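Analysis of the macromolecular model
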Amino acid sequence: MWRFFRKPVGEADLEEELQAHLAIETRQLMERGLTREEAETEARRLFGNQALVLEATREVRGHAGFTRLGQDIRYAARVLRRAPGFTAAAVLSLALGIGATTAVFSIADTIFLRPLPYADGGQLVWLGIRFPGISTEFLPSPDYVAWRRDNQVFQQLAATQTSFSTAMLLGTSDPVEVHAGRVSTNFLDAFAVTPAFGRTFTAQEELPNGPKAVLLMHQFWRDHFHARRDLLGSVISLDGQPYTVAGILPQSFVYPVDVKIDLLTTLPVSPTASHRDRSMSTWAVFGRLKRGVTMAQARADLDKLYAASKADFPQLFRDNHLAFQPLREHRAGNIHTLLFILMGAAACLLAIACANVANLLLARWSARARELAVRAAIGAGRGRLARQLFTEIALLIAAGTVVAMVFVAAALRAFVHFAAGQLPRLSEVSTDFRVFGIALLVSLATALVFGGLPALRAGRIDLQSVLQQAGRGSAAGGHRLMRRVLVALEVALSVILLSGAALLFETLWHMQNDHLGFQPEHVLTVSIPLHGPNGQNPARAELASDVLTWLRRIPGTEAASFTQCTPLVGGVGSRTFSRSDRPLPEPFHRGDNIGYCGTDADYLKAAGAHLVKGRFFRDDDIHHPDTVAVINEAAVRAYFPGEDPIGKQILGSGAVWRTVVGIVADAKNQGLNHEAIPEAFVNQTDDPQATRDLLFLVRTLSDEAAVARALREEMRADHAGLFTKVQTLDDAIGEMTANPRLNTILICTFAAVAFLMAMVGVYGVLAFSVTERSAEIGIRMALGASPRAVIALVVKEGAVLVAAGVFAGVAGALFLTRYLTTLLYGVKPTDPFTYGAVVFGLALAALAASFLPARRAAVLDPVVTLRHE
Amino acid sequence: MPDRVELLQGTLDLLILQVLQWGPQHGHGIGQAIRTRSQEVLQIEHGSLYPALHRLEQQGWLASEWKISEANRRARYYRLTPKGRRQLLEEQSRWKQLVRAVARTVKPVKE
């Protein structure tokens, strides 16, 4: 491609041809008796003006239409190459503006607008009941059973577990953890999916004691079973239970919840489920509307069903309401905010980029007014001149587009990589060429308006006035104001982006550095999945105590605790708070919840938690489990305001109560961006139903790999084939901050780029202004202005620009950053310190950007500048 | 030195094509051939010769290639293409017409 921009091929050839001519002439003259020197001189004399011959011949060659276009392009490329700073700035601005916009809007388009990957996806809806008290949405199992039976509007109403996948153990010689999605048997019908091989679930398979079957995801089937067809109908072991492989899902199947899924199995759907059962499940429910049924009709039907559920069991439905929306809207879900912010940021960036390009072009055309006038004067036609300038713009845009394409591809890959698991439907993302086209059109329009109008005007230039005034630089007067407004706009936009970035950055800082209430360094969690019927066997308690012994024996272990929960979660469940000296709360009393977690005496040391008052559990508490409790400070604030809770009886009924013996400091038990919720620890290590994995918390000096190896070594003898999972608490925290970190990185990148472009803009305008005013400055200096005064003159010009931009920017940011509120933690969207820092930093950078041209002005030689006149 | 004559517009093409019908030649040789064959009457300006060569090549009447010349260095040799040969015949007949017409016009009228 560079060949295209090089010197035309004929050029060198032509020169050689003429040289050959001279050589032959010289030789002939020497044969006639002249010396070499005389012959050479004579040959040149006979030949005449070589340059003229070259010129005339070149003109002949350049006459074909296409050659002329090539010539225009070559000329434009040469002009652009001669101004590398301008070219780089313009191309980069275009590429970043077009690229960022396209990348972000491609993602937004995939998530918001592209049809779901299911047949007739428009008929699919999501529904649930919103429980504001615990801020979740689901449908309780009794209501699902009733609604599926009684509704008039759905072809199918299918259920699956809410938002997470169940970890199960695939029993082979080397057990693997697999992620199972549990679904009702009509789930695939609802999504109009048929297995690639085999059959779908049968109705019996969802009954609590029915046969058990699985459908494998295509990928999982390939990875773990080498895509063997004979697997169909055979039995595999999951959590020690036999499951029949009923079928293989098609490769195109996408599970409608964004979690990793290896296989589908059935939910236990009891046809007799009732609100009066001792326990009930909470499910996510998807429906396929019957043909011709509108959302309003469906809503009316669901309202009736909801009313019936509420009449049946009012306690559960207090303050709740029905939630119902098309599946596509539901899938876009809670990342609305982030994406809207990103789209705003990208649009800002595109605007800044366009302003930058416009600015650069305006400055450039003004600077070239004289060149254009001269070229017009020596006979370049108006059309030819305009075509030349448009060729330059086209070349800039083309280069910008190519770089932007590369940029989009890279950005999308990086985005999918970093945002994996945090945004829905990422696997479907690809470059959206419509958006690319729109962004391209916007920048093309900008370039044509700001670059093209002056170019057109170039044809009408009043030669005389330009040539006379060029030295004084007033030809560009009309553009000056426009350029300033553009730069002020850039500054304003970058203030908005910088403020947003600074707020998110502070949020991340708070999340990572706020007092956690425990010390996550050197803490490992060791989990052994041992639930289901297998877990209830008496060996469970024995295994737990064995593992604890082994863990304590591994060199480097400081403390090992057998516990139900880690410090990162507010207990394994939630109960309604009660105390013996107050009336009992009514059943399903909402609001006064307290998280509870059974643990042993070593928990305090293993987690690195801090005891505020009283004592933690002692080893002998284990002998009479579930009798004493330690509560956190949040619980004290909520339920014992102004009282001393030590010795109080809590969480019980009748004669069975737990006595509060101590208070621990709050830990971030609800995620890093929330205050701690009330939590009670009780002295109980295993849960009686044995429904959970064995969980250990280990504070150790050795690393997780060493601990995992040592533990497997120990277990090989008696418990071969048992699966253990070792993870550092730091990793778990890292997963929790991944999302805010992504937000922060993205916005910071946008802000940094915007900031750079704005500074380039400030620099460009001032540098140009200095060139323009060099005569004026020369006169000032000749009349006695000191260099300091000249610097002040230029810097002041910049300061006015930046101040106007900053003022507008802060106003805009104060207005816009409130949309960030839901993403912030530990900092208010109007935090004055943040804005102060942004404004100060920007002012400093702008000062630096204006100082360079100012210095250049200060060292101007008045004699030279005035002579130039 | 014999008198020099200004070339008539358009005759240079004919002369070049004519010279080249005896075989490939480089620019210098073409210029020299025209000079000698016209017995030094026609002096071709290099500023016209080379543009004309390149123009004829672009029109497809000539083709060129690089060969070693008598001065022991690369020179561009031009030769007639079949299309050029047809063009030569056309130019020759047009030239003859022109010569006849001009001769008739300038011949003194017999009384």
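Here the structure is shown first, and the text comes after it.
Source: prediction; values computed, not measured.

Conventions used here
- Residues numbered from 1 in each chain as written.
- Chains lettered and ligands numbered in written order.
- Predicted model: local features only at pLDDT ≥ 70, side-chain atom pairs only at ≥ 80, totals over all residues.
- Heavy atoms only, no water.
- Buried < 20%, exposed > 50% of the residue type's maximum accessible area, 1.4 Å probe, protein only.
- Helix = DSSP H or I, 4+ residues; strand = E, 2+ residues; numbered from the N terminus.
- Pairing = 2+ DSSP bridges.
- Lys, Arg positive; Asp, Glu negative; His and termini not counted.
- Salt bridge = Lys/Arg side-chain N within 4 Å of Asp/Glu carboxyl O.
- Polar contact = N/O pair within 3.5 Å; in protein donor to acceptor, adjacent residues only side chain to side chain.
- Contact = heavy atoms within 4.5 Å.
- Nonpolar A, V, L, I, M, F, W, Y, C, P; charged D, E, K, R; others polar.
- 1 Å grid on protein atoms, 1.4 Å probe; cavity = no way out; pocket = protein on both sides within 12 Å on 5 of 7 lines; lining within 4 Å.
- Points joined across faces, edges and corners; volume = space filled by probe spheres on them.

Along any regular strand, the residues point their side chains to alternate faces of the sheet. All names here are of chain A. Most of strand 16 (residues 593–598) is tucked away, with five of its six residues classed as buried. Bridging between strand 16 and strand 21 (residues 679–682) involves four bridges; their strand directions are parallel. Paired with Tyr596 across the bridge in strand 21 is Ala680.

The next point concerns the sheet that holds strand 3 (residues 74–80) of chain B. Sheets are built from strands paired through backbone hydrogen bonds, the pairs being either parallel or antiparallel. Residue and element names in this part refer to chain B. Spatial ordering of the open sheet is given by 1-3-2, a layout of three strands whose pairing is antiparallel. Among the strands making up the open sheet, the edge pair consists of strand 1 (25–26) and strand 2 (62–68). Of the pairings in the sheet, the one linking strand 1 to strand 3 comprises two bridges and is antiparallel in character. From the neighbouring strand, His26 faces strand 3, where its bridge partner is Tyr77.

Looking now at the side chain of A:Arg699. Residues and elements named next belong to chain A. Along the chain, Arg699 falls in strand 22 (residues 694–700). It is Glu558 that comes nearest to the buried, bridge-free Arg699 among opposite-charge side chains, at 4.9 Å. Reaching out from Arg699, the side chain makes a polar contact with the backbone oxygen of Ala607 at a distance of 3.5 Å. Not counting chain neighbours up to four residues away, the residues in contact with Arg699 comprise Gln519, Glu521, His522, Val523, Gly556, Thr557, Glu558, Ala559, Lys605, Ala606, Ala607 and Gly608.

This part takes up the interface of chain A and chain B. Counting residues at the interface gives 20 residues for chain A and 20 residues for chain B. Of the charged contacts in the structure, one is a salt bridge between A:Glu16 and B:Arg74, with a shortest N-O distance of 2.8 Å. At the level of secondary structure, the elements contributing two or more residues to the side of chain A that touches chain B comprise helix 2 (9–31), helix 3 (36–47) and helix 4 (50–61) of chain A. With 13 residues, helix 2 of chain A is the largest single contributor of residues to the side of chain A that touches chain B. In terms of residue class, the side of chain A that touches chain B is built from ten nonpolar, four polar and six charged.

All names here are of chain A. Evaluated as defined, the whole model comprises three cavities of 30 Å³ or more. Each pocket or cavity is described by its volume, and for the largest cavity that value is around 130 Å³. Surrounding the largest cavity, 15 residues form its lining, Tyr603, Val664, Ala665, Ala667 and Phe681 being those nearest its centre. Sorting the residues of the lining of the largest cavity by element identifies helix 18 (603–607) and strand 21 as the ones contributing at least two each. Its residues assigned to classes, the lining of the largest cavity comprises ten nonpolar, three polar and two charged.

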